[in-house]
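Below are the chains, spelled out letter by letter.
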Amino acid sequence: MAKKLMINCATCDARNALEENYAHYEQITINCAMVLTSPNAKAVMNKLPFTLNCANVLEVEGNVDLCTINGSSEIKRGDVVPVSKYYMVVNGTLTIGPDTQEQLKQCVGMTINGSLTCPESIYATLTGVNVNGSTTCYPDGAVVLKRSAVIDKLFLLRAKNNLYWAGRRMIMVDPELDATKLKAKGTTFSTKEVILSESKVEELIDLIDEKAEIIIVPDGTSVVLDDITLDADTLRRYGKKLYVIGDVTVTENANALDKLTYLNIRGDVKVPEEHKEKLLAVLTEVSGEVKIAKPKGATLEDKPFVKITKWMLEQQPTGVDVYDCAVVKIADDIPKELIVERLRIEDCGVVKCCEELEDAVTMVCTDVGHIGVEGNDELGIGDMIKDTLGGIKGALETKVINAADYVL
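Definitions and limits used
Residues numbered from 1 in each chain as written. Predicted model: local features only at pLDDT ≥ 70, side-chain atom pairs only at ≥ 80, totals over all residues. Heavy atoms only, no water. Pairing = 2+ DSSP bridges. Helix = DSSP H or I, 4+ residues; strand = E, 2+ residues; numbered from the N terminus. Axes fitted to C-alpha atoms, helices over the stretch in contact; angles between N-to-C directions. Core = buried A, V, L, I, M, F, W, Y, C linked by side-chain atoms within 4.5 Å. Buried < 20%, exposed > 50% of the residue type's maximum accessible area, 1.4 Å probe, protein only. Contact = heavy atoms within 4.5 Å. Arc of directions from axis to C-beta. Salt bridge = Lys/Arg side-chain N within 4 Å of Asp/Glu carboxyl O.

### With respect to the sheet that holds strand β24 (residues 241–244)
1) Next: Pairing is parallel across the open sheet formed by four strands, whose spatial order is β22-β24-β26-β28. The sheet is open, and its two borders are formed by β22 (222–224) and β28 (283–286), each paired with just one other strand. The sheet shows a mean angle of 15° between the axes of neighbouring strands, direction not considered.
2) Next: Here strand β26 (residues 262–265) pairs with β28 via three bridges, running parallel. Its bridge partner lying in β28, Asn-264 is registered against Glu-285.

Shown next, in the form of structure tokens:
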């Protein structure tokens, strides 16, 4: 029988743990995000060799149901009203709708590993709430839209006498959006920021919460909520005036830059060095960095072992990129200058090199576990057998349980 128990899970419900079920183990290890306990469970775990590696330990009554949701969830008016008390764990996003007091009446607490969105009045009544992320409260009575909501002609057809709310922003650049009709319907808006076409500012400003940040763009501007590559296809899709909330990559064929009349980037932009000045001439604003795109060379990735030789670097004038490899060995005869000029190593476990090259290799490494002189990699046959038998013995002595949620 296994002497050790290891439990790897997201949530461990230990409230009803019984001593007789675990007394025969010499070591019990629980690796998880959260452990639910009770007074009785604490007494049991104090007697036994328990080791808890967790972020949160919560004491919850044993007769309370545990409701675990992995992903996005929403509590709505009209949902079935729980008849017993429950504790809610959400690994994702939770949205609580208006008039859901009955659905929440039996909730004794919740842990949200993500984000929570709910009406202001309901948030004030919640108890035992732990949010490991962001919490956003919206005005009572508001209609909740997408986090980044587009207010256009189609929205106008469905709009009513309501306050509409979006968690991040609203985009109002449709030339056919009629402010007069919105006013006649009694429609108003609340959000953190609003992107407005220049000609619509005076018509729509009175409908927008005064706390919102107003961003004005030229008429005819397309707002892009994604990373893009700036090429002919992008211009055909979005037009010649772009407000990009994301990163932009300029291709080596930079003809698209000649056709743009407006470009605002809320992110980084990567551009070949020869086209940097052309980009800056058309770029209205950039919130991130203007990065020089390195010509693409050879790429080595996801390998257990890679050896970099002088010949490899000499054959690649644009360089060699090494990613996500376990062990990278640098040949001793490579000149330091060639290493610095043509080699990049990122997210690798161990980079081995002779002592003379260690400073040059360090300059080209990012997120590497160890850099330096290689040790003795060769094990004798006796050592290999010993290590193998030790690993088998350890595996036989340890019972391992991997689960999303586990109940003791």
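### Re the nonpolar core
1) Next: By size, the foremost hydrophobic cluster in this structure holds 25 residues, and its most contacted members are Ile-308, Val-322, Val-328, Ile-330, Ile-339, Leu-343 and Ile-345.
2) Next: Where this core is concerned, the elements lending two or more residues are β31 (305–308), β32 (320–323), β33 (327–330), α12 (336–342), β34 (343–346) and α13 (358–363).
3) Next: Beyond its immediate stretch of four places on either side in the chain, Ile-339 contacts Leu-313, Ile-330, Ile-334, Arg-344, Leu-357, Ala-360, Val-361 and Val-364.
4) Next: Membership of the second largest hydrophobic core comes to 20 residues, among which are Phe-155, Met-172, Leu-182 and Val-194.

### Comments concerning the sheet that holds β34
1) Next: Strands sit in the order β30-β32-β34-β36 across an open sheet of four strands; the sheet is parallel. At either end of the open sheet lies a strand with only one pairing partner, and these are β30 (298–301) and β36 (365–366).

### With respect to helix α2 (residues 39–47)
1) Next: Regarding α2, the residues found buried are Ala-41, Val-44 and Met-45. Angular distribution of buried residues about the axis of α2 spans 95°; they occupy a single face of the element. Looking at α2, the residues exposed on the side facing more than 90 degrees away from the buried face are Pro-39, Asn-46 and Lys-47.

### Quick notes on unusual backbone geometry
Only a minority of non-glycine residues have a phi that is not negative, and only a minority of peptide bonds are not trans.
1) Next: Phi angles above zero are rare outside glycine, and Asp-99 is one such case at about 55°.
2) Next: Looking at where Asp-99 falls in the secondary structure, it is placed in the loop between β10 (93–96) and α3 (101–104).

### Notes on the environment of Gly-267
1) Next: Mapped onto the elements of the fold, Gly-267 is located in the loop between β26 and β27 (269–271).
2) Next: Linking Gly-267 and Asp-227, residues 40 residues apart in sequence, is a C-alpha distance of 8.7 Å.
3) Next: Non-local contacts of Gly-267, meaning those with residues more than four positions away in its chain, are made with Gly-246, Asp-247, Val-286, Ser-287, Gly-288 and Glu-289.

### Comments concerning the pattern of salt bridges
1) Next: In the structure shown here, the tally under the stated rule is 15 salt bridges.
2) Next: The partner of Glu-176 in a salt bridge is Lys-153, with the nearest N and O atoms 3.1 Å apart. Of this pair, Glu-176 sits in the loop between β18 (169–172) and α6 (179–185) while Lys-153 sits in helix α5 (residues 153–158), placing them 23 residues apart in sequence.
3) Next: Classification of Lys-153 by relative accessible area gives partly exposed; the value is 40%.
4) Next: Within the structure, one salt-bridge network assembled from shared partners comprises Arg-168, Arg-169, Glu-193 and Arg-266.

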